[in-house]
Amino acid sequence: MLKGLIGKKVGMTQIFDEAGVAIPVTLIEAGPCYVTQVRTPDKDGYSAVQLGFVEAKPKRLSGGQLGHLKRNNLPPLRFLREFRAKEPGLSEGDPVKVSVFAVGDAVDVVGTSKGKGFQGGVKRYHFRGGPKTHGQSDRHRAPGARSSGTTPGRVYKGSRGPGHMGSERVTTQNLKVVLVDEERNLLGVRGAVPGAKGGILLIKEARKQ
Amino acid sequence: MSNQELLKSVEAPDNPNIPELSPGDTVKVFLRIKEGNNERIQEFRGTIIRMRSGGNNGNFTVRRVASNGIGVERTFLLRSPRIEKVQVERHSKVRRAQLYYLRDRTGKSARLKQKFS
């Protein structure tokens, strides 16, 4: 059975468990999703399920997207994402709801991290920066040496340095599900998930359990 | 529902057994303590030296001087289900919101003037 959903980050808060301990919770508006396409090893070379999320105005989608959804008489859906699943046990047009997850499950959540813009090495890669005292000037957050001397005489490709940070795909692994509300399509996981509020998230069964 | 409303709906409600508290109050906090399968109530009596608002995360700190003049401070979440109830025994006249100066004082100088309402 496929354990995967597309959701939207609502925000964070804290709730109390039975023992009265406050636990940090991220709320996710998850689903209802629809199976828009099933990938099979015969046809596509791998097995996966394509899910769609968020109903949209038809004019927001292209004709190709609308036609793709119309095959299974599905409403216009804004986000389509694929989930790998050996035996999905689903056919095209089926709805997928939060009830695929239960309290206590471990999930991986994939999102797009908040953009930080162009950042230096200290923030981006936790470089130590230079000494703060002993007559230093302009060296406090400098990256230091980037390469060797005459040989090789250049900076190796892929070396860490200042540059654009954030706005990339990030996976948070092994988050515990603490809340499932089928009626309001709400999912609560313990801890933080990547991205801003309102960001699109993929929720999958945890790979490393 | 908006995001804020969704978040509010899963948060714990206000505890009706906690009256309005303010810094300087002498209070008795009744805590539910679980020991194995038994539940008992423990009291913690002291002076509120700090109130922190913040809805779901609001808390307050109670200071009491235990034996040998050792100060003990405990912070309680206002919406924690572990708090059975809070009793206010005395209001005090205080001129600041955080009474950290009580930490440096002992004996007579650590007293607060009572406020009658």
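Refer to the preceding data block for the structure.
An account of the accompanying structure is given in this report. Quick caveat: nothing in here was measured; it's all calculated off a predicted structure. (Residues numbered from 1 in each chain as written. Chains lettered and ligands numbered in written order. Predicted model: local features only at pLDDT ≥ 70, side-chain atom pairs only at ≥ 80, totals over all residues. Heavy atoms only, no water.)

### Brief notes about the overall build of chain B
In step 1: When helices and strands are tallied, chain B shows 1 helix and 6 strands.
In step 2: In sequence order, chain B lays out its α and β elements as α-β-β-β-β-β-β.
In step 3: Taking the principal axes of the C-alpha coordinates as reference, chain B spans close to 55 × 40 × 25 Å.
In step 4: Taking all 117 residues of chain B together, the buried fraction comes to 33%.
In step 5: Once local pairs closer than 6 in sequence are excluded, the contacts in chain B between residues at least 24 apart make up 51%.
In step 6: Looking at charge distribution, chain B has the averaged site of its 24 positive side-chain charges lying 9 Å from that of its 12 negative ones. (Helix = DSSP H or I, 4+ residues; strand = E, 2+ residues; numbered from the N terminus. Buried < 20%, exposed > 50% of the residue type's maximum accessible area, 1.4 Å probe, protein only. Contact = heavy atoms within 4.5 Å. Lys, Arg positive; Asp, Glu negative; His and termini not counted. Charge placed at Lys NZ, Arg CZ, Asp CG, Glu CD.)

### A closer look at the sheet that holds strand 3 (residues 33-39) of chain A
In step 1: The strand order 5-4-3-6 (chain A) describes an open sheet built from 4 strands, whose pairing is antiparallel. Since the sheet does not close on itself, it has two edges, and those belong to strand 5 (77-84) and strand 6 (95-96) of chain A, each with one partner. (Pairing = 2+ DSSP bridges.)

### Quick look at the interface of chain B and chain A
In step 1: With 15 residues of chain B at the contact, the number on the chain A side is 17 residues.
In step 2: Both faces considered, chain B and chain A share a buried interface measuring about 1,300 Å² in area, 63% of it formed by carbon and sulfur atoms.
In step 3: Counting the surface chain B buries against chain A, the share from its top three residues, Leu6(B), Leu7(B) and Val10(B), is 38%.
In step 4: The tally of links from chain B across to chain A stands at 0 salt bridges.
In step 5: Put simply, chain B and chain A have 6 residue pairs in polar contact (both at pLDDT 80 or more) between them.
In step 6: Sorting elements by how many residues they give to the side of chain B that touches chain A places helix 1 (residues 3-10) of chain B first, with 5 residues.
In step 7: Here the residues of the side of chain B that touches chain A sort into 7 nonpolar, 5 polar and 3 charged. (Buried area = accessible area lost by both parts, 1.4 Å probe. Salt bridge = Lys/Arg side-chain N within 4 Å of Asp/Glu carboxyl O. Polar contact = N/O pair within 3.5 Å; in protein donor to acceptor, adjacent residues only side chain to side chain. Nonpolar A, V, L, I, M, F, W, Y, C, P; charged D, E, K, R; others polar.)

### Section: the sheet that holds strand 5 (residues 83-93) of chain B
Residue and element names in this part refer to chain B.
In step 1: An order of 4-3-2-1-5-6 is seen for the 6 strands of this open sheet, with the pairing classed as antiparallel. Only two strands of the sheet have a single partner each, and these edge strands are strand 4 (71-77) and strand 6 (113-115). When strand polarity is set aside, the average angle formed by the axes of neighbouring strands in this sheet is 45°.
In step 2: Summarising the sheet, strand 2 (residues 38-52) and strand 3 (residues 59-65) pair through 5 bridges and their orientation is antiparallel. Across the sheet, the residue bridging to Met51 is Phe60, located in strand 3. (Axes fitted to C-alpha atoms, helices over the stretch in contact; angles between N-to-C directions.)

### Focus: the nonpolar core
In step 1: Within the largest apolar cluster, 29 residues are counted, with the highest numbers of intra-cluster contacts made by Leu5(A), Leu51(A), Val96(A), Val107(A), Leu187(A), Val189(A) and Ile203(A).
In step 2: If you list the elements that add at least two residues to this core, you get strand 1 (4-16), strand 2 (22-30), strand 3, strand 4 (48-55), strand 7 (106-112), strand 10 (169-181), strand 11 (186-190) and strand 12 (200-205) of chain A.
In step 3: The next biggest cluster of nonpolar side chains, apart from the first, holds 12 residues, and it includes Leu31(B), Phe60(B), Phe76(B) and Val86(B). (Core = buried A, V, L, I, M, F, W, Y, C linked by side-chain atoms within 4.5 Å.)

### A word on the pairing of strand 11 of chain A
Residue and element names in this part refer to chain A.
In step 1: Most of strand 11 sits out of view: 4 of its 5 residues are buried.
In step 2: Pairing of strand 10 with strand 11, which is carried by 4 bridges, proceeds in the antiparallel orientation. Bridging across to strand 11, Asp181 finds its partner in Leu186.
In step 3: Between strand 10 and strand 11, which follow one another and run antiparallel, lie 4 residues, and Asn185 among them has a positive phi close to 55°.

In short, geometric facts, not functional conclusions.
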